[in-house]
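Below are the chains, spelled out letter by letter.
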Amino acid sequence: MKKEKTNFILKILNGLSIGVIIALVPGAILGSLMKIFANDPTALAIGQMTTLAQSLLAVIAAMAVGQAFKFSMIDTGSMALAAFMGSGAATVSPKGVFVLNGPGDIINIGVTLVIAVLLIQLLAGRLGQLKVILSPILLLAIAGGLGKLLLPYVHSITTSLGSAINDLTGLRPLIMGPLMGIVFAVLILSPISSVAIAMAIGLTGIGSGAANLGITTASFALAIMGSSVNSLGGTLSHFIGTPKVQMANMLSKPKLFIPIVIVSALAGLEGALLKVGGTAMSAGFGFSGLIGPLGAFATGTTNLFLLLLEFVMIPLVLAYSVHLLFVKKLHFIEPMDLKLPEAD
């Protein structure tokens, strides 16, 4: 029973993660790049496209969750409608005009998806030939309605949490910077989406920068420590792709988290000292897709040498230092501990 509950939660979280990546990555990368071209019509059009795509986060996440649970297209599509209603991505103006407000509240999207999945499982085999008619109605009315009802309360909680974290990071950057670095380095190496959490709490400013630097440095550390047993492609995938490729190794050998906690804390401290910034949409990606550096660039760090120092040079020094200490000198970690399946 416990395993089934864990699998249930992971399917929801993974679906949200996929939705975040598909809906938000284009905007996180292209949005910053298009600002360089100012008022160019093509750049403006691309910016509008990526902004509109962000509003479909709930729909894409629902499609991913539906596939994970092996639901029919009718149930999956109906769940997508419910998730969109619960996201709050669209509101009605006083004049009765629908207004899109970004991706919505990602926590409430998850809550709505949980309700929708449970409802689909409850109705399984009970609607007969009327399923194509009743499934969209019931899911939209019940799951979507409950999601919409819960939205202001859930949003209030997540907004307060995000504001508290951002305020603490601003007031106590030398404490919160390392903490953000550690938390997000651990998250990226777990089944939980670091991006989804950052989006949920609205992590911005130094907190966002510290989170990205923690992930970036963890990526470099894992890549370097396992480079002797992994292929070039596998090594590069840690930071060009995601360090989550090491999740199975990390969870089966918890000692691997020790050097990661150390370098991510130092990286978070670096972010606090250098005042590295970021946005809620750039936090949690690290170096992947250059989204972390682009987020820092968009929030004030426009000096390219400084960006290189923050996101490449210092993380590499920290990563190589723990490699020398934990692998070469202490032999606390063996390169084989970090061998990826593709290297077999």
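Use the structure listed above.
Since the model is a prediction, treat every value here as computed from it, not as a measurement. (Residues numbered from 1 in each chain as written. Predicted model: local features only at pLDDT ≥ 70, side-chain atom pairs only at ≥ 80, totals over all residues. Heavy atoms only, no water.)

### Brief notes about the packing of aromatic side chains
Point 1. The final tally for this structure, using the stated rule, is six aromatic pairs.
Point 2. On the numbers, 4.8 Å between centres and 50° between planes, the contact of Phe220 with Phe239 is tilted. With a gap of 19 residues between them, Phe220 in helix H9 (residues 205-225) and Phe239 in helix H10 (residues 232-241) connect regions that are remote in the sequence.
Point 3. Ring centres 6.4 Å apart and planes at 75° place the aromatic pair Phe239 and Phe287 in the edge-to-face group. Taken together, the residues Phe239 in helix H10 and Phe287 in the loop between helix H12 (257-274) and helix H13 (291-298) connect sequence positions 48 residues apart.
Point 4. Here Phe287 falls in the buried class, since its relative accessible area comes to 17%.
Point 5. Each residue in the set Phe8, Phe69 and Phe71 is aromatic and connected to the rest through ring pairs, giving one cluster. (Phe/Tyr/Trp six-rings, centres within 6.5 Å; stacked < 30°, edge-to-face > 60°. Helix = DSSP H or I, 4+ residues; strand = E, 2+ residues; numbered from the N terminus. Buried < 20%, exposed > 50% of the residue type's maximum accessible area, 1.4 Å probe, protein only.)

### Focus on the environment of Leu309
Point 1. Here Leu309 lies in helix H14 (residues 304-329).
Point 2. Considered as a pair, Leu309 and Gly19 are 290 residues apart in the sequence and their alpha carbons are 32 Å apart.

### Topic: the side chain of Ser288
Point 1. Within the secondary structure layout, Ser288 lies in the loop between H12 and H13.
Point 2. Of the polar contacts made by the side chain of Ser288, one reaches the backbone oxygen of Gly241; its length is 2.9 Å.
Point 3. If we skip the residues at most four places from it in the chain, Ser288 touches Phe239, Ile240 and Gly241. (Polar contact = N/O pair within 3.5 Å; in protein donor to acceptor, adjacent residues only side chain to side chain. Contact = heavy atoms within 4.5 Å.)

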